[in-house]
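If you want the building blocks of each chain, they are given just below.
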Amino acid sequence: MNLQFEFGEYLAMVLPAYYCEQVLTFYQENQMHFDIWEAKRDKKFYTKLYHKSLLEVEYNAMIKGKMARYYIFYKNNPNQIIGCVNFHDIKGGAFCSCQIGYKIHHKFCNRGVGKEVVSTSIDYLFAESRLHRIEALIHPENGPSIALAEKVGFEKEGTAKKAVMLGGQWQDMYRYGLVKKEE
């Protein structure tokens, strides 16, 4: 996979560590928007040093083919992150699959940005890799994420019982799957 790709008016990039300030700003501006659906974050998460280290770890994991987090920008504004799409737990062999996660800046929700970004990123991943399947775990009450997953072709496959710790308790998650279309 490449470190960046362009589509429409967007640029998707695996970021080097020197983007840590923009990444921190992205998470700070969206803390209330994201935190409800995610595991409790350590206090260090909201520091520049944390994100510098995380970007270095993610870059190395991408080079090893284990994951890829693409941050999304408008081409004409490469300083403000408008979202990210993360492909993680990439498996080869008999599985050829991964998990997906995505986040859209709250200022850009309900504008079609999420659908275009996630759909194009998936198309790019399938074209650039040998992956056959992508899975998503989504909280049953996260209606916008469920709607987005279904819009881009994911199908609900069931419920992963007590799959993630949120708000101090184990929560069920809906399991969605998307299989690469045969050519």
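In the block above lies the structure referred to throughout.
Note that the structure is predicted; figures quoted are calculated from it, not measured. Every chain begins its residue count from 1, and numbering advances along the sequence as written. Local features in a predicted model are, by the rule used here, given only for residues with pLDDT of at least 70; side-chain atom pairs are given and counted only at 80 or more, and totals for whole chains, interfaces and linings are based on all residues. Just so you know, side-chain values use all the structure's heavy atoms and leave hydrogens and water out.

(A) Focus on the sheet that holds strand S4 (residues 83-91). The criterion for strand pairing is that DSSP finds at least two bridges linking the strands in question. The helix count covers DSSP runs of H or I at least four residues long, the strand count covers runs of E at least two residues long, and both are numbered beginning at the N terminus. Spatially, S1-S2-S3-S4-S5-S6-S8-S7 is the arrangement adopted by the eight strands of the open sheet, whose pairing is mixed. Two strands in the sheet have a free side with no partner beyond their single neighbour: strand S1 (4-7) and strand S7 (155-166). Recorded for the sheet is a direction-independent mean angle of 25° between the axes of neighbouring strands. Bridging between strand S6 (residues 133-138) and strand S8 (residues 169-179) involves six bridges; their strand directions are antiparallel. Across the sheet, glutamate 135 pairs through a bridge with glycine 177, a residue of S8. Whether two residues touch is decided by their heavy atoms; if any such pair falls within 4.5 Å, the residues are in contact. Axes here mean lines fitted to C-alpha atoms, for a helix over just the part in contact, with angles spanning 0 to 180 degrees between N-to-C directions. Helix H4 (residues 113-128) contacts S1, strand S2 (10-13), strand S3 (68-74), S4, strand S5 (97-104), S6 and S8 of the sheet and is inclined by roughly 125° relative to S1.

(B) How the structure looks around the nonpolar core. Within the largest apolar cluster, 37 residues are counted, with the highest numbers of intra-cluster contacts made by Tyr70, Phe87, Ile100, Ile122, Ile134 and Phe154. With seven residues, H4 is the single largest residue contributor to this core. Once you skip the residues sitting within four places of it in the chain, isoleucine 134 turns out to touch Phe87, Cys98, Gln99, Ile100, Ile122, Leu125, Phe126, Phe154, Tyr176, Gly177 and Leu178. We call a set of buried residues a nonpolar core when its members are Ala, Val, Leu, Ile, Met, Phe, Trp, Tyr or Cys and they connect through side-chain atoms within 4.5 Å of each other. Residue burial is assigned from relative accessible area. The probe radius is 1.4 Å, only protein chains are included, and a residue is buried under 20% of its type maximum, exposed over 50%, and partly exposed in between. Residues Leu11, Tyr27, Phe45 and Tyr71 belong to the second largest nonpolar core, which totals 17 residues.

(C) Main features of the side chain of histidine 139. The topology assignment puts histidine 139 in the loop between S6 and helix H5 (143-151). Look at histidine 139 and you get buried, because its relative accessible area is 9%. What qualifies as a polar contact is a pair of N or O atoms within 3.5 Å, subject to a donor-acceptor requirement within protein and to the restriction that residues adjacent in sequence count only when both atoms come from side chains. Looking at histidine 139, its side chain comes within polar contact range of the side chain of glutamine 171, at 3.0 Å.

(D) Focus on the pairing of S5. Most of S5 sits out of view: seven of its eight residues are buried. Pairing geometry for S4 and S5, over seven bridges, is antiparallel. Looking at the pairing, histidine 88 lines up with glutamine 99 of S5. Sheet topology note: the S5/S6 ladder contains three bridges and is parallel. Each residue of the ladder has a partner; that of serine 97, found in S6, is arginine 133.

(E) Up close: the environment of tryptophan 170. Mapped onto the elements of the fold, tryptophan 170 is located in strand S8. A relative accessible area of 48% places tryptophan 170 in the partly exposed class.

(F) How the structure looks around the pairing of S1. Residue alternation in S1 divides its side chains into a buried set, Phe5 and Phe7, and an unburied set, Gln4 and Glu6. Where S1 and S2 come together, four bridges link them in antiparallel fashion. Note that in S2 the partner of glutamine 4 across the bridge is methionine 13. Following S1, the chain reverses through two residues before pairing antiparallel with S2; glycine 8 in that reversal takes a positive phi of roughly 50°.

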